[in-house]
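# Tertiary structure, described
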Amino acid sequence: HRCEKTPPAQPRSVFSIQIVEKNAEPEMTLLTYLRRKLLSVCLTGTKLGCAEGGCGACTVMVSRFHSNRNAIVYLHHAVNACLAPICSLHHCAVTTVEGIGSVASKVHPVQERIAKAHGSQCGFCTPGIVMSMYALLRNNPQPMMRDIEEAFQGMMRPMIYNMILFSLMWQIEGCCGSRGKAGGDSTNSVQQLFDPSEFMPLDPTQEIIFPPELMVHSHMNPDQELRFIGERMQWIQPSSLKELLQLKAEYPAAKLVVGNTEVGIEMKYKNQFYPLILAPAFIDELNSIQYTENGIVFGASVTLTLLGNVLHGEVNKLPSYKTEVFQAILRQLHWFAGQQIRNVAAIGGNIMTASPISDLNPVFMAAGCKLTLMSKDGKRVLQMDDKFFTGYRKTALKPEEILLSIEIPYTRKGQYFSAFKQSPRKEDDIAIVTCGMNVVFWEGSNIVQDIQLSYGGMASTTVLATTTRSQLIGRQWDEEMLQDACSYLTEEMTLSPSAPGGMVAYRRTLTISLFFKFFLTVQHKLAQEHLSTEDIRPDYASAVAPSHLDSATSIQLFQAVPPGQNMDDVIGRPIMHLSAVKQATGEAVYCDDIPCYKNELYLALVTSTKPHAYIKSIDTTDAMAVPGVVTFVCAKDIPGSNKTGPVVYDETVLADEKVTCVGHIVGAIVADTPAHAQRAAKAVRISYQELQAVIITIQDAIANESFYQPTRTIERGDLTQGFQESDNILQGEIHIGGQEHFYLETNCTLAVPRGEDGEMELFVSTQSTALVAKALGVPASHIVCRVKRMGGGFGGKETRSTILSTIVAVAAHKVKRAVRCMLDRDEDMLVSGGRHPFFGRYKVGFKKNGKVMALDVTYYSNAGNSMDLSLSIMERALLHMDNCYNIPHVRGTGYICRTNLPSNTAFRGFGGPQGMMVAESWINDVALSCGLPAEQVRELNLYKQGEYTPFNQCLEQFTIDRCWRECMNISDFHQRKANVELYNKQHRWTKRGLSIIPTKFGISFTAVFLNQAGALVHIYTDGSVLLTHGGTEMGQGLHTKMVQVASRTLEIPSTKIFISETSTNTVPNTSPTAASASSDLNGMAVYNACKTLLQRLEPYKAKNPKGFWEDWVSAYFDRVNLSANGFYKTPDLGYDFETNSGHPFNYFSYGVAVSEVEIDCLTGSHKNLHTSIVMDVGKSLNPALDIGQVEGAFMQGVGLFTLEELRYSSQGYLYTRGPGMYKIPAFGDIPTELKVSLLRDAPNEKAIFSSKAVGEPPLFLAASVFYAIKDAITAARAESGLIGPFRLDSPATPERIRNACEDKFTKLCPPPEPGTYTPWDVRV
Ligand SMILES: Cc1cc2nc3c(=O)[nH]c(=O)nc-3n(C[C@H](O)[C@H](O)[C@H](O)COP(=O)(O)OP(=O)(O)OC[C@H]3O[C@@H](n4cnc5c(N)ncnc54)[C@H](O)[C@@H]3O)c2cc1C
Ligand code: FES
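Residues numbered from 1 in each chain as written. Chains lettered and ligands numbered in written order. Predicted model: local features only at pLDDT ≥ 70, side-chain atom pairs only at ≥ 80, totals over all residues. Heavy atoms only, no water.

Here we come to the nonpolar core. Ranked by size, the top nonpolar core spans 160 residues in total, and within it Tyr455, Trp477, Phe515 and Trp922 carry the most contacts. Per-element accounting of this core gives the leading share, twelve residues, to helix 17 (residues 504-528). If we skip the residues at most four places from it in the chain, tryptophan 477 touches Val439, Phe441, Asn446, Val448, Ile451, Phe515, Phe518, Phe519, Val522, Gln523 and Leu526. In this structure, Cys87, Leu276, Leu311 and Cys369 belong to the second largest nonpolar core, which totals 87 residues. (Core = buried A, V, L, I, M, F, W, Y, C linked by side-chain atoms within 4.5 Å. Buried < 20%, exposed > 50% of the residue type's maximum accessible area, 1.4 Å probe, protein only. Helix = DSSP H or I, 4+ residues; strand = E, 2+ residues; numbered from the N terminus. Contact = heavy atoms within 4.5 Å.)

Pasting the structure below:
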């Protein structure tokens, strides 16, 4: 077997290697092969983000040579390396990110653009994005914006904002002309975020050619079967159909694998094992495409990409009436997975998986497609009807049969077909309900001759609504038929209240709402063909309009540096993230990219499956029998203390006697490879004695009074008086769901024992240089913790990463060898906790004009099974309960709920967003209750300069009013509002909503001692400078900013300054990189160290004023110390909750956002149409990085408030453990129009060079999207006569939006009576 890359004919300076692999292991994926097997060449540029095809971090380009159609064709496809079995790549060329360019030689134009357009932040998924773009350009050097968006559909990227700019780079040079604008201006200078004229042109002739050797090989021995025999699996690639059928007869249990996008997941995550794989991908009959009188016959191995291309061609060629089914399939394919999946996944794979939520099966079923099945004894043809799927993931196929092909029929005149898919996220998501709908009319009439309605997501198989069908045949297509059809469907498409997948009322409503869409579509077509007298009402038309596919545009505005600023002074300039190019070429080293140590071992976690239980026994017999296993580590192996916790030591490193959540870490297996360790970890048997009570939700905790202490309160004024002075009082509630950090790089630690004095070196992906010394029982000074960079952190690597690093260190201590562990995505999501879910209950008193007089609000947070940082998070929520509103009489109380969930932890915003979200809920209710525009009530209640917060801090340098005015202005709010109102009058089933939301975010750690930082600066005799500080780099650009600070302070070009890493042996006792304060704190410490050095060099500068830096540092020869440390602590901090006195914050960051959305009232989907943001970041240190933070935080907030939903069973089992079920925002969630403006002329005297913190404050501005959705729902409810406040919990998912848009369809499907059943999932 050869998996090769050969040098190009016209060589670019690229890294090309040729590898001959004689022992391809069938269980091994291409990703594992690149990262682990090819140790000698270290191809670690391709990253592991999820191992389930859901994030795109592992994208590579696979090229194949085809010569079967009298032409030589090279197919270049972006492919997920994590799902591609290495054995499937026979005769393929694989191009990884290293293969197209490197810093040392020459970067590729794609790599250059993503770096210079600031499209790389943490950089972990950058190689994947580069390779998606590269594969696109190999096939299409002048792509349209839509092609680019499609190429990125399979990318899951927490900070996708700058992709707009990156994409536009191709547009600017290509066909469409510039659509974006990014620039800053001062009085007379204009600066861009980057300069496109610098970019190298793309020259397709310079690309790597397909290795001729592989063409030769593919012609050799075409009839020879290929067989790969692995440790416990065999992979056979038969050379002919006959051979395949023979093998299937011989081994009926053998599994066929084409794209492996289903089987790969089953093996990795569903504990399935298939000892024999048959790979029919290259058998001609299974790849053939034949045109018959009735339709097109596609071989079962035809990929979805090819299916789409063929159907697209037919739709363009044939009359529209003939291709109704083809058009419907194309619509489904557009929302089917990402391109990387579609490039390899086969039609046959989709059918034969028999998933009840398959997107294609309902279409095939409703269309009456014919399937040809074959065994060695011959063929048979089956209609794909209600008998084909015989049970959950079962079909009528016999064990010795295979699916040969599927015939997709043409449609005829008088036949109409539609397909719909509703999923939590539009792009690359699995369906909640999906359907195909087919109606045939008697010729020249609107009388139904036949109708087939097929649904996915409504049972354990794809189903046909056969009873409804029989009732509708012979009926006229009119309003009366619609009413009856809805009743029949409601009766036929039932679901148990406990049905897997939950959302029972929503799913039932969808079946009829989607039928209504079909009804309107057909009625409109009938009217156009004069077969019906009635066309649909004009205000109903948008219900059937295709989803918005407008490409995104963006504008970024910032203030340029003053004219005359020295060119070497980079403060205020939009300089690129210092690692961006290395990130784009895959050369940036993350924790798991560190080459393996000799004899290194790998660790896998063993976790609890019970929420609350005593551990009776642990049986490791089966686990120890797995090859390569070295040891099992448990609590008794900890040489020091097993107690841990960042503030209170209330948890264990490894569960001792008791487990208190599903996912509680009980032990770990150490083995020679990740595969062996993970296999053995699954074989550890733990027996439990279950305990009561099991407390999962906030409501459970309230009922059981299960709270951590203390309960916090902030109170100002006199509530009784406030309520008396009010004209009205209202009460309300809101639940705000938690959030998974979804850093692309999961938690990772490499522990290397140093052999003497208990010394150990740890390489960790952490925001806080982890403390493991206590568990090892050695002094902290003996442990060195190093962090080069992280692939994202967002708070999730502040304290929870410590547990993993401690376990790995304990294991390394036990086996006296280097031990590594990078968690799989499902483990990471299971064990590491996330943002705290919050429940807010409020009573608010207000005047008729909307002026709020009194507020009594209670917060409950779901902290999980340990305290972790929950107290500080609740404190921050309370300190933000006012958001930007002056409330004369106010009381806020916070309860921290102790539950049987993994401990929740820090997450960007740290309780602030939850605190402010409740505030926006009550102020929105006040506006609705007064019948006043929400923006008017918000503006009326805004603080003014010099007023005091409930915690008695005076608001100085207050800029909210300026941000508000500018945001109103740039969003053209009033005109936009008039347009929205007009739109809503003209549309019944889609509604638009608009909202403006302010934010005020307090900067400082609320734990005062953390507001300190250190730095260490060395000047070397050649003039180069090594800078170290206490902050860690996780993509936010902290190191870049620190180099800028040092550069200005030392008055030298930034190119002379280098940051290698963060480590505990250079700067000790560091505070976590958190609270948005790292630039402020570390920046001042760096400034302090640099000033010290500058003072020491001053005499030399004075002596030789015309000299250069290199001359002055020769002070060394006078024995001047060229190394200095710096220190900073924020002055005047310290707040006392008991007395409500003192300052919790150094200053506040402010911002305002306007958002406009459109909702589909029938499905609950929404589209973000517009967002304008004005953010006060003081005098920006680096506008490119700051805008990146604003847009990245905003999009993460969009995920929090509209999309991301962690789903748990009533026993605390987390269902959402990967990107398949947990969706973060994708490209399509970026507002179609996005404007970001950094407030001008707003210097902040309280931080380094007048800047302001920016990491967390903009996140809350995404609430503007939530409240725009609520505004749109308000308009929809008004159509049903529903006026006034209503509850909408966060996130505003399609389910919640649809359920809130009450109408005749929702009335037919009432929710099951609470308390009468056990729901599939509970809201925690
Ligand atoms: C990230 C991701 C996103 C996805 N998104 C979607 C989505 O949006 N909509 C959707 O419907 N699905 C989705 N899927 C599921 C999956 O991609 C599809 O079902 C795909 O079509 C499977 O094709 P495959 O070739 O990869 O199947 P494989 O994994 O190779 O095989 C799947 C099953 O089909 C059987 N099989 C394959 N060919 C034959 C044959 N000729 N005869 C008999 N049995 C055969 C195999 O034995 C196996 O049981 C997604 C999967 C992933 C990983
Ligand atoms: S690692 Fe392959 S798609 Fe996520």
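It is worth spelling out the side chain of glutamine 153 at this point. Along the polypeptide, glutamine 153 turns up in the loop between helix 4 (145-151) and helix 5 (163-173). Here histidine 334 takes part through its backbone oxygen, which lies 3.1 Å from a polar atom of the side chain of glutamine 153. Of note is the side chain of glutamine 153, whose polar atom sits 3.1 Å from the side chain of arginine 342. (Polar contact = N/O pair within 3.5 Å; in protein donor to acceptor, adjacent residues only side chain to side chain.)

Our focus in this paragraph is the packing of aromatic side chains. A full pass over the atoms with the stated rule returns 36 aromatic pairs. Centroid distance phenylalanine 742 to tyrosine 1222: 6.2 Å. Interplanar angle 0°. Geometry classified as stacked. Here phenylalanine 742, found in the loop between strand 31 (728-736) and strand 32 (748-753), pairs with tyrosine 1222, found in the loop between helix 34 (1183-1202) and strand 49 (1233-1238); they are 480 residues apart in sequence, far enough to count as distant. Exposure remark for phenylalanine 742: the relative accessible area of 0% places this residue in the buried category. Taking the centre distance of 5.8 Å and the plane angle of 80° together, the rings of phenylalanine 951 and phenylalanine 1145 count as edge-to-face. Here the residue phenylalanine 951 occupies a position in the loop between helix 28 (934-941) and helix 29 (960-970), and phenylalanine 1145 occupies one in the loop between strand 46 (1141-1143) and strand 47 (1147-1160), the gap between them amounting to 194 residues. Judged by relative accessible area, phenylalanine 1145 falls into the buried class, the value being 1%. Here the aromatic cluster, defined as three or more aromatic residues joined through ring pairs, consists of Phe951, Phe958, Tyr1135, Phe1137, Phe1145, Phe1148 and Tyr1150. Taking the ring centre of tyrosine 983 as reference, the NZ or CZ of arginine 992 above it sits at 4.0 Å. (Phe/Tyr/Trp six-rings, centres within 6.5 Å; stacked < 30°, edge-to-face > 60°. Lys NZ or Arg CZ within 6 Å of the ring centre and 35° of its normal.)

Mapped onto the fold, cysteine 486 is located in helix 16 (residues 479-492). A residue is classified by how much of its surface remains accessible, and cysteine 486, at 1% relative accessible area, is buried. Separated by 425 residues in sequence, cysteine 486 and glycine 911 have C-alpha atoms that sit 44 Å apart. Residues contacting cysteine 486, with those up to four places away along its chain left out, are Ile512, Phe1305 and Leu1308.

Here we come to the packing of helix 16 against helix 17. Two numbers describe how helix 16 lies on helix 17: the axes approach to 9 Å, and their chain directions differ by 155°. Comparing the axis directions of helix 16 and helix 17 gives the class roughly antiparallel. The crossing of helix 16 and helix 17 is right-handed. Seen from helix 16, the contacting residues are Glu479, Met481, Leu482, Ala485, Cys486, Leu489 and Thr490; seen from helix 17, they are Arg508, Thr511, Ile512, Phe515, Phe516 and Phe519. Residues of the contact of helix 16 with helix 17, tallied by class, amount to nine nonpolar, two polar and two charged. (Axes fitted to C-alpha atoms, helices over the stretch in contact; angles between N-to-C directions. Parallel < 35°, antiparallel > 145°, perpendicular 65-115°, else oblique. Left-handed = near helix turned anticlockwise from the far one by under 90°. Nonpolar A, V, L, I, M, F, W, Y, C, P; charged D, E, K, R; others polar.)

For the rest of this paragraph, the subject is the confidence of the model for the protein. Averaged over every residue, the pLDDT of the protein is 92; the share at 70 or more is 94%. Contacts of residues 171-181 to residues separated by more than four positions or lying in other chains number 23 contacts, the stretch itself having pLDDT below 50. Segment residues 186-190 is flagged for pLDDT under 50; beyond a separation of four residues in sequence, or across chains, it makes eleven contacts in the model. (pLDDT = per-residue confidence, 0-100.)

With that settled, the discussion passes to the UniProt feature "binding site: substrate" (unreviewed entry) in the protein. The feature "binding site: substrate" (unreviewed entry), as annotated in UniProt, sits at Glu798, Arg876, Phe910 and Thr1006 in this numbering. Summarising the element assignment, glutamate 798 is placed in the loop between strand 34 (783-787) and helix 24 (800-815). Here glutamate 798 falls in the buried class, since its relative accessible area comes to 7%. Ignoring any residue separated from it by four or fewer positions in sequence, one finds glutamate 798 in contact with Gln767, Ser768, Leu869, Ala906, Pro1072 and Ala1074. Relative accessible area serves as the criterion here: at 2%, arginine 876 is assigned to the buried category. Excluding its chain neighbours within four sequence positions, the residues that come into contact with arginine 876 are Gly909, Phe910, Gly911, Gly912, Phe1001, Gly1002, Ser1004, Thr1006 and Phe1145. (UniProt positions renumbered as here; feature names shortened; annotations may be inferred.)

With that out of the way, let us pick up unusual backbone geometry. Cis geometry marks the peptide bond from glutamine 709 to proline 710, where omega comes out at 5°. One can find proline 710 in strand 30 (residues 707-716). Note that the residue after serine 1290, namely proline 1291, is joined by a cis bond; omega there is 5°. In this structure, phenylalanine 742 takes a positive phi of about 45° despite not being glycine.

Lining the immediate environment of ligand 1, one finds 31 residues, of which Leu256, Val258, Gly259, Thr261 and Asp359 sit closest. Glutamate 262 places a polar main-chain atom, nitrogen or oxygen, 2.9 Å from an oxygen atom of ligand 1. Expressed as a share of its isolated accessible area of 990 Å², the protein-covered part of ligand 1 is 92%. Sorting the residues of the shell around ligand 1 by element identifies strand 8 (255-256), helix 8 (263-269), helix 13 (347-353) and strand 16 (402-409) as the ones contributing at least two each. For the shell around ligand 1, the per-class residue count stands at 17 nonpolar, eight polar and six charged. (Near = heavy atom within 4 Å. Areas by Shrake-Rupley, 256 points an atom, 1.4 Å probe, with all protein chains shown as cover.)

With that settled, the discussion passes to the pairing of strand 41 (residues 1025-1029). Extensive coverage of strand 41 is indicated by the burial of four of its five residues. With five bridges joining them, strand 40 (residues 1012-1019) and strand 41 adopt antiparallel strand pairing. If you follow leucine 1016 over to strand 41, its bridge partner there is threonine 1028. Counted between consecutive antiparallel strands, the loop separating strand 40 from strand 41 contains five residues, among which glycine 1023 sits at a positive phi close to 95°. (Pairing = 2+ DSSP bridges.)

With that settled, consider the environment of glutamine 699. Relative to the assigned elements, glutamine 699 resides in helix 21 (residues 698-704). Judged by relative accessible area, glutamine 699 falls into the partly exposed class, the value being 40%. Separated by 254 residues in the primary sequence, glutamine 699 and glutamine 953 place their C-alpha atoms 34 Å from one another.

Here the structure, examined in full by the defined rule, presents 61 salt bridges. Notably, a salt bridge pairs glutamate 266 with arginine 393, separated by 3.8 Å at the nearest N-O pair. A residue pair is termed long-range when its members are at least 10 positions apart, and glutamate 266 in helix 8 and arginine 393 in the loop between strand 14 (389-391) and strand 15 (394-395) qualify at 127 residues. Where glutamate 1279 meets arginine 988, a salt bridge forms, and the shortest distance between an N and an O atom there is 3.9 Å. Taken together, the residues span a long stretch of sequence, with glutamate 1279 in helix 35 (residues 1263-1279) and arginine 988 in the loop between helix 30 (973-986) and strand 39 (990-1003) at a distance of 291 residues. (Salt bridge = Lys/Arg side-chain N within 4 Å of Asp/Glu carboxyl O.)

Pairing is mixed in the open sheet, where four strands are placed in the order 6-7-9-8. Only two strands of the sheet have a single neighbouring strand rather than two, namely strand 6 (226-229) and strand 8. Here strand 7 (residues 234-237) runs beside strand 9 (residues 276-278); their pairing, made up of three bridges, is parallel. Of the residues in strand 9, the one forming a bridge with glutamine 234 is leucine 276. The sheet strands contacting helix 7 (residues 241-250) are strand 6, strand 7, strand 8 and strand 9, and the helix crosses strand 9 at an angle near 155°.

An ideal rise of 1.5 Å per residue puts 24 Å on 17 residues; helix 35 measures up with 25 Å between its terminal C-alpha atoms. Just past helix 35, the residue glycine 1281 takes up positive phi, approximately 80°. (Expected span 1.5 Å × (residues − 1).)

Our focus in this paragraph is the sheet that holds strand 20 (residues 463-464). With respect to topology, four strands assemble into an open sheet ordered 17-18-19-20, the strand pairing being antiparallel. Edge positions in the sheet fall to strand 17 (415-422) and strand 20, since each of these pairs with one other strand and no more. As paired elements, strand 18 (residues 433-441) and strand 19 (residues 448-456) share eight bridges and run antiparallel to each other. By the bridge assignment for strand 19, cysteine 435 is matched with tyrosine 455. The strands that helix 17 touches are strand 17, strand 18 and strand 19; relative to strand 18, the one it contacts most, it runs at about 35°.

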